[in-house]
Amino acid sequence: MATTEQALQGKRVAVLATDGVEQVELTEPVKALKAAGAEVVLVSLEAGRIQGMNHDEKGDTFPVDAVVADTVSKGFAGLVLPGGVANPDKLRTDEKAVAFVKEFMDSDKPVAAICHGPWMLVEAGVLKGRTITSWPSLKTDVRNAGGEWVDKQVNVDQKLVTSRKPDDLPAFCSKMISIFASSSAEHTEGKLDRMVEQSFPASDPLPGPSSIGKGKSNGESSAPAR
């Protein structure tokens, strides 16, 4: 099994955020993902830089790697949705951003959302029958969207990881890496199985002692001539 340091080696993970993102909810997951070997792509509404916030005060700015209108979920191993009140409130008014989130959920790819980040899940209409946690003020929105809200440090529903607030970040990041890594391993195994099926159809026997090194049908040896 891969160690934490290489669990996501060679995998690309998208982080969807814009101005007003709670800085620590952006930087800590990104740090954890990079430590696990992932390539992190910051996706936003426009090119340039986005403004992070430390609660009500401006923090650092962060360079945008990709514009959501030009980005699709294909090629990404997972999606992270940080919080901050203004951040998802802006994102959920953008059709491309909402569609981007829905793509991940519809494709059964892992998604990790914290604090106000789950607002994007509400807007995408993907919470029916799902159980999540979030900042408490989203409770009614979650239930109105058909989901069940729980008050937990971190909650996992299939490949959906959610947490309530910055204090939950250690547990959130740990579970995020675990779910993203297991999903990537599952995806890799599925690809290998498909490759084997394509190389050796069900009608053809898999190579084994009875076929490997066997002579040609006319009795000639398959060994190279000396």
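Placed above this text is the structure.
The present account deals with the structure reproduced in this document.

Rules used in this analysis
- Residues numbered from 1 in each chain as written.
- Predicted model: local features only at pLDDT ≥ 70, side-chain atom pairs only at ≥ 80, totals over all residues.
- Heavy atoms only, no water.
- Buried < 20%, exposed > 50% of the residue type's maximum accessible area, 1.4 Å probe, protein only.
- Helix = DSSP H or I, 4+ residues; strand = E, 2+ residues; numbered from the N terminus.
- Pairing = 2+ DSSP bridges.
- Salt bridge = Lys/Arg side-chain N within 4 Å of Asp/Glu carboxyl O.
- Phe/Tyr/Trp six-rings, centres within 6.5 Å; stacked < 30°, edge-to-face > 60°.
- Core = buried A, V, L, I, M, F, W, Y, C linked by side-chain atoms within 4.5 Å.

A look at the pairing of strand β1 (residues 12-16)
Taken across its five residues, β1 has four buried, putting it largely inside the fold. Pairing of β1 with strand β7 (residues 78-81) involves three bridges; the strand directions are parallel. In the sheet register, Val15 faces β7, and the bridge partner there is Val80.

Let's talk about the pattern of salt bridges
For the structure on display, the rule yields eight salt bridges. A salt bridge links Asp106 to Lys102, with the nearest nitrogen and oxygen atoms 2.7 Å apart. In this pair, Asp106 and Lys102 both sit in helix α3 (residues 95-106), four residues apart, roughly one turn of the helix. Asp108 is the salt-bridge partner of Lys159, the closest N and O atoms lying 3.3 Å from each other. One end of the pair, Lys159, is in the loop between β11 (154-157) and β12 (160-163); the other, Asp108, is in the loop between α3 and β8 (111-114), with 51 residues separating them in the sequence. By relative accessible area, Asp108 is classed as partly exposed at 41%. Within this structure, Asp151, Arg164 and Asp168 form a network of salt bridges that share partners.

Examining the sheet that holds strand β2 (residues 21-22)
Strand order in the open sheet formed by three strands is β2-β4-β5, and the pairing between neighbours is mixed. The open sheet is flanked by β2 and β5 (57-63), the only strands paired with a single partner.

Remarks on the packing of aromatic side chains
Any aromatic ring pair is given by two values, namely how distant the centres are and how the planes are angled relative to each other. Within the structure shown, the criterion is met by three aromatic pairs. With a centroid separation of 6.4 Å and 45° between ring planes, the pair formed by Phe76 and Phe104 is classed as tilted. Separated by 28 residues along the polypeptide, Phe76 in the loop between β6 (66-67) and β7 and Phe104 in helix α3 bring together distant segments of the chain. Take Phe76 and Phe104: they sit in the same class, and that class is buried. What makes Phe104 buried here is its relative accessible area of 0%. Here the aromatic residues Phe76, Phe100 and Phe104 are joined through ring pairs into a cluster of three or more.

Section: the sheet that holds β12
Within a sheet, adjacent strands bond to each other through the backbone by hydrogen bonds, running parallel or antiparallel. In space, the seven strands of this open sheet follow the order β6-β3-β1-β7-β8-β12-β11, with mixed pairing throughout. A single partner strand is all that each edge strand has here, and the edge strands are β6 and β11.

Observations regarding the nonpolar core
Leu8, Leu33, Phe172, Met176 and Phe180 are the most contacted members of the largest nonpolar core, which totals 31 residues. Every element with two or more residues in this core is listed here: β1, α1 (23-35), β3 (39-44), β8 and α6 (169-199). Looking at this core element by element, the count peaks at eight residues for α6. Of all hydrophobic cores here, the second largest spans 30 residues; its members include Phe76, Ala97, Met105 and Val126.

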